[in-house]
Amino acid sequence: VKQLQIFLKEQGEEIYPEGLVSGYFGSLTKKAVIRFQEKCSAEILAPLNKQNGTGLVSGYTIRKINELLGRKEGVGARPDAAPRRDSATTDADAG
């Protein structure tokens, strides 16, 4: 999760204005993922016939992240892996 948060932070304030790297996938990280998905909607959402981001980090989202990081497909996080969530802790709690 920390690597995802670092990546989102590097995408700029329009994607992750809080820029919090806590290691917890809470509401702030989910909103940042949604912003990223909607920014890259042609490559992430359109193939799924979606217009709005989901906040789930899988499939096309991971593929786009890896592309922007200069990684070959299959390197890094698994395309079918969803982020782990700690229901008791959110980004706001981790400050």
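None of the values given here were measured: they were computed from a predicted structure.

Chemist: Would you explain the packing of helix α1 (residues 2-10) against helix α2 (residues 27-39) in this entry?
Modeler: How two helices sit against one another is set out by the angle between their axes and by the gap between those axes. Contact pair α1 / α2: the axes reach a minimum separation of 10 Å and the direction vectors enclose 55°. Taken together, the axis directions place α1 and α2 in an arrangement best described as oblique. Crossing handedness for the pair α1 and α2: left-handed. Judged by residue contacts, Leu4, Gln5, Phe7 and Leu8 of α1 engage Thr29, Ala32, Val33 and Phe36 from α2. When its residues are assigned to classes, the contact of α1 with α2 shows six nonpolar, two polar and no charged.

Chemist: Just to check I follow, could you spell out the pattern of salt bridges for this structure?
Modeler: Oppositely charged side chains may form a pair once their charged atoms are brought near each other. Across all of its chains, the model carries three salt bridges by this definition. In this structure, Glu14 and Lys39 form a salt bridge, with 3.7 Å as the shortest nitrogen-oxygen distance. Of the two residues, Glu14 sits in the loop between α1 and α2 while Lys39 sits in helix α2, which places them 25 residues apart along the sequence. Neither residue differs from the other here; Glu14 and Lys39 are each classed as exposed.

Rules of the game
Residues numbered from 1 in each chain as written. Predicted model: local features only at pLDDT ≥ 70, side-chain atom pairs only at ≥ 80, totals over all residues. Heavy atoms only, no water. Axes fitted to C-alpha atoms, helices over the stretch in contact; angles between N-to-C directions. Helix = DSSP H or I, 4+ residues; strand = E, 2+ residues; numbered from the N terminus. Parallel < 35°, antiparallel > 145°, perpendicular 65-115°, else oblique. Left-handed = near helix turned anticlockwise from the far one by under 90°. Contact = heavy atoms within 4.5 Å. Nonpolar A, V, L, I, M, F, W, Y, C, P; charged D, E, K, R; others polar. Salt bridge = Lys/Arg side-chain N within 4 Å of Asp/Glu carboxyl O. Buried < 20%, exposed > 50% of the residue type's maximum accessible area, 1.4 Å probe, protein only.

In short, the description is geometric, and any link to function would need to be established separately.
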